[in-house]
Amino acid sequence: MISDLGLSDIRPPRLGLNIRTTMFIVNCHFENAAMPVQIRHIQFVIAAADYGSFRRAALALGVQESAISRRIRELEERLGTTIFVRSSCGVRLTHAGMQFVQRGRKALAEICLAKTEVGAIGRGKTETLELGYSHHWHPDFYPI
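Residues numbered from 1 in each chain as written. Predicted model: local features only at pLDDT ≥ 70, side-chain atom pairs only at ≥ 80, totals over all residues. Heavy atoms only, no water.

## Considering the confidence of the model for the protein
Okay, so step 1: For the protein, per-residue confidence averages 77 on the pLDDT scale, and 62% of positions sit at 70 or higher.
Okay, so step 2: Note that pLDDT drops below 50 for residues 1-24; the model gives that stretch 41 contacts with residues more than four away or on any other chain. (pLDDT = per-residue confidence, 0-100. Contact = heavy atoms within 4.5 Å.)

Structure (structure tokens):
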């Protein structure tokens, strides 16, 4: 189970990234070959890890189980490693899968933060606070 892997404590709430409309592609280079990884690939892997099954992950994300299974299989082939051990009881992460999930969570959190910050800037919701410091500070200079 995912809690046995120590991942349940770092599971973020839904990041607000719409799985159907998020089409960013990250290019990773492995042995001179470009491998497009879409955000949805990362979301599928994390959901399957969190729910322990492709079926439950598909229900939670509102997609077909076959879509999750196919995308994860393609990703595993491109990475050249297995992310999940599959069984009739569900799926569990391999060591490589644990690393992928850990880094995937960080990547999605960064994307979410960037989306939030850029949106705030666009809406004029940012403020700047400037603080100064002098190494010549002395209490007699600043009476209270």
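Next comes the rest of the account.
## Points about the packing of helix α1 (residues 39-51) against helix α2 (residues 54-61)
Okay, so step 1: Where α1 contacts α2, the axes come no closer than 8 Å and their chain directions differ by 120°. By the criterion of interaxial angle, the relationship of α1 to α2 is oblique. Note on packing geometry: the crossing formed by α1 with α2 is right-handed. Each of Gln 43, Phe 44, Ala 47, Ala 48 and Tyr 51 in α1 lies in contact with α2, whose residues at this interface are Phe 54, Arg 56, Ala 57, Ala 60 and Leu 61.
Okay, so step 2: Here the contact of α1 with α2 is composed, by residue class, of 8 nonpolar, 1 polar and 1 charged. (Axes fitted to C-alpha atoms, helices over the stretch in contact; angles between N-to-C directions. Helix = DSSP H or I, 4+ residues; strand = E, 2+ residues; numbered from the N terminus. Parallel < 35°, antiparallel > 145°, perpendicular 65-115°, else oblique. Left-handed = near helix turned anticlockwise from the far one by under 90°. Nonpolar A, V, L, I, M, F, W, Y, C, P; charged D, E, K, R; others polar.)

## Some remarks on the pairing of strand β4 (residues 90-93)
Okay, so step 1: Bridge count for strand β3 (residues 84-87) against β4 is 4 bridges, and the pairing is antiparallel. Residue pairing across strands places Val 85 opposite Arg 92, the latter belonging to β4.
Okay, so step 2: A loop of 2 residues connects β3 with β4, the two strands running antiparallel in sequence. (Pairing = 2+ DSSP bridges.)

## Comments concerning the packing of α1 against helix α3 (residues 65-79)
Okay, so step 1: Between α1 and α3, the least distance of the axes is 10 Å, while the angle of their chain directions is 110°. On the basis of the axis angle, α1 is roughly perpendicular to α3. Seen from α1, the contacting residues are Arg 40, His 41, Phe 44, Val 45 and Ala 48; seen from α3, they are Ala 67, Ile 68, Arg 71, Ile 72 and Leu 75.
Okay, so step 2: For the contact of α1 with α3, the class distribution of residues is 7 nonpolar, 1 polar and 2 charged.

## Thoughts on the pattern of salt bridges
Okay, so step 1: Applying the stated criterion across every chain, the model contains 4 salt bridges.
Okay, so step 2: Arg 71 is the partner of Glu 74 in a salt bridge, and the nearest nitrogen-oxygen pair spans 3.9 Å. Note that Glu 74 and Arg 71 are positioned in helix α3 at a spacing of 3 residues, about one turn of the helix.
Okay, so step 3: With relative accessibility at 26%, the residue Glu 74 sits in the partly exposed group.
Okay, so step 4: What makes Arg 71 partly exposed here is its relative accessible area of 26%. (Salt bridge = Lys/Arg side-chain N within 4 Å of Asp/Glu carboxyl O. Buried < 20%, exposed > 50% of the residue type's maximum accessible area, 1.4 Å probe, protein only.)

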